[in-house]
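Single-letter residue listing:
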Amino acid sequence: MSVVIVGGNERMERQYRELCEAYRCEAKVYTKESGMSGKVGSPDLLVLFTGTMSHKMLQGALRAIKGTETVVARSHSSSMSALRGILEQHTVAAAEA
């Protein structure tokens, strides 16, 4: 399963990737808008940490996946616990489908 995380804390990028690997997911993490443009692709899951991103960055991420079957998960918190909850919810659902 491929996961793209947009927003979050820059110093936690490595931890986000490691947690995704623990759930057998390949992850891309974009904490800044400048590195994201044109690189989102069409992941299985798009995680938006809305508390740490600009409105412009949010709109850009949603525009990048428009027309794809990507599932969008939003969380105001950008904590590891919030990401763990999202991954548990969506990876279990993907395993059952």
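Up top is the structure.
Reading the values: rules and limits
Residues numbered from 1 in each chain as written. Predicted model: local features only at pLDDT ≥ 70, side-chain atom pairs only at ≥ 80, totals over all residues. Heavy atoms only, no water. Pairing = 2+ DSSP bridges. Helix = DSSP H or I, 4+ residues; strand = E, 2+ residues; numbered from the N terminus. Axes fitted to C-alpha atoms, helices over the stretch in contact; angles between N-to-C directions. Contact = heavy atoms within 4.5 Å. Polar contact = N/O pair within 3.5 Å; in protein donor to acceptor, adjacent residues only side chain to side chain.

Draft legend 1. Structural view of the sheet that holds strand S4 (residues 71–75). Spatially, four strands are ordered S2-S1-S3-S4 in an open sheet, and the strand pairing comes out parallel. At either margin of the open sheet sits one strand with a lone partner, and together these are strand S2 (26–30) and S4. Along the sheet, successive strands turn relative to each other by an average axial angle of 15 degrees, direction set aside. Where strand S3 (residues 45–49) meets S4, five bridges bridge the pair, whose relative direction is parallel. Across the sheet, Leu46 pairs through a bridge with Val72, a residue of S4. Running at roughly 160 degrees to S2, helix H1 (residues 13–22) makes contact with strand S1 (2–7), S2 and S3 of the sheet.

Draft legend 2. Representation of the side chain of Glu13 in the model. Here Glu13 shows up in helix H1. Side chain to side chain, Glu13 and Thr31 meet in a polar contact 3.1 Å long. Sequence-distant contacts of Glu13, defined by excluding residues within four places in its chain, comprise Val29 and Thr31.

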